[in-house]
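Chain residues, written in single-letter form:
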Amino acid sequence: MVRALGGWTGRLLRVDLSTGKLWTESSLRHVEQYMGGRGLGARIAWQEIPPGVGPFDPANLLVFAPGPLTGTSAPNSGRTAISTLSPQAYPCEWWTYSSVGGF
């Protein structure tokens, strides 16, 4: 069983779907400068998706990033941003995000 690891606990959970490999790494280099799940997802995409990668390319990333208050009792704090390169803007693939959450 894999525990959910929030981006604000100091760790990122990485999953390679092509090999099935799971590992964690420090998220502190990202979260101190980029606020929220949307900012964290954008920064990871900017650093790690090489130029020329398309939305269906195995090198594309799908980032699930929680907001900084997720898991607290703060109002409207249970938000998570999901970001990736989208095929919706064809022929120019575009970084996009969507937000999900609740209480």
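Throughout, a residue's number is its position along its own chain's written sequence, starting from 1. In keeping with the model being predicted, local features are shown solely for residues with a pLDDT of at least 70 and side-chain atom pairs are shown and tallied solely at 80 or more, while totals for entire chains, interfaces and linings include all residues. Hydrogens are left out, water is left out, and the side-chain values use all remaining heavy atoms of the structure.

A. Geometry of the overall build of the protein chain. Working definition: helices are DSSP H or I runs of at least four residues, strands are E runs of at least two. Numbering for both runs from the N terminus. In terms of regular secondary structure, the protein chain is built from two helices and five strands. Beginning at the N terminus, the succession of helices and strands in the protein chain can be written as β-β-α-α-β-β-β. The burial tally for the protein chain puts 29% of its 103 residues in the buried class. Between two residues, a contact is recorded if the distance between any of their heavy atoms is within 4.5 Å. Of all intrachain contacts in the protein chain linking residues separated by at least 6 positions in sequence, the fraction that spans at least 24 positions is 30%. When the accessible surface of the protein chain is summed, it comes to about 7,300 Å², and 60% of that surface belongs to carbon and sulfur atoms. Under the scheme applied here, a residue whose accessible area is under 20% of the maximum for its type counts as buried, over 50% as exposed, and between as partly exposed, the area being computed with a 1.4 Å probe on protein chains only. Per-residue and other accessible areas were derived by the Shrake-Rupley procedure at a 1.4 Å probe size, with only the shown protein chains allowed to occlude residues.

B. Quick peek at the pattern of salt bridges. Any carboxyl oxygen of Asp or Glu that lies within 4 Å of a side-chain nitrogen of Lys or Arg is treated as forming a salt bridge with it. Scanning the entire structure with this criterion turns up two salt bridges. Here Glu25 makes a salt bridge to Arg14, at a shortest N to O gap of 3.0 Å. Linking Glu25 in strand 2 (residues 21–26) with Arg14 in strand 1 (residues 11–16), this pair joins segments that are eleven residues apart in sequence. Assessed through its relative accessible area of 24%, Glu25 is described here as partly exposed. As a salt-bridge pair, Arg14 and Glu48 come within 2.7 Å of each other at their nearest N and O atoms. With a gap of 34 residues between them, Arg14 in strand 1 and Glu48 in helix 2 (residues 36–48) connect regions that are remote in the sequence. Here the residues in one salt-bridge network are Arg14, Glu25 and Glu48, joined through shared partners.

C. Structural context of the nonpolar core. The set of buried Ala, Val, Leu, Ile, Met, Phe, Trp, Tyr and Cys residues whose side-chain atoms join them within 4.5 Å is what this entry labels a nonpolar core. Listed in full, the five residues of the largest apolar core are Leu12, Leu40, Ile44, Val63 and Ala65. For this core, the secondary-structure elements that each account for two or more residues are helix 2 and strand 3 (63–66).

D. Quick peek at a nonpolar patch on the surface. Like charges within 9 Å and nonpolar side chains (Val, Leu, Ile, Met, Phe, Trp, Tyr) within 5 Å are joined into patches, using only residues over 30% in relative accessible area that form no salt bridge. A cluster of nonpolar side chains, contributed by Leu13, Val15, Leu17 and Leu22, occupies part of the molecular surface with about 400 Å² of accessible area. With respect to the helices, strands and loops of the structure, Leu22 is situated in strand 2. Residue Leu22 is classed as partly exposed on the basis of its relative accessible area, which comes to 45%.

E. The packing of aromatic side chains, seen in detail. The rule is short: rings of Phe, Tyr and Trp, with Trp giving its six-membered ring, pair when the centres are within 6.5 Å, and they are stacked under 30 degrees, edge-to-face over 60, tilted in between. Counted by the stated rule, this structure contains one aromatic pair. Ring centres of Trp95 and Tyr97 lie 6.0 Å apart, and the angle between their planes is 25°; this geometry places the pair in the stacked category. Look at Tyr97 and you get partly exposed, because its relative accessible area is 33%. Over the ring of Trp23 we find Lys21, and its NZ or CZ is 4.8 Å from the ring centre. The rule for a charge over a ring is simple: NZ of Lys or CZ of Arg within 6 Å of the ring centre, and within 35 degrees of the ring normal.

F. Highlighting the side chain of Ser83. Structurally, Ser83 is set in strand 4 (residues 78–86). Contacts of Ser83, omitting those with residues within four sequence positions, involve Gly41, Leu61, Leu62, Val63, Trp95, Thr96 and Tyr97.

G. Expanded view of the environment of Ser27. Examined against the element boundaries, Ser27 turns out to sit in the loop between strand 2 and helix 1 (28–31). In sequence terms Ser27 and Leu13 are 14 residues apart; their C-alpha atoms lie 9.3 Å from each other.

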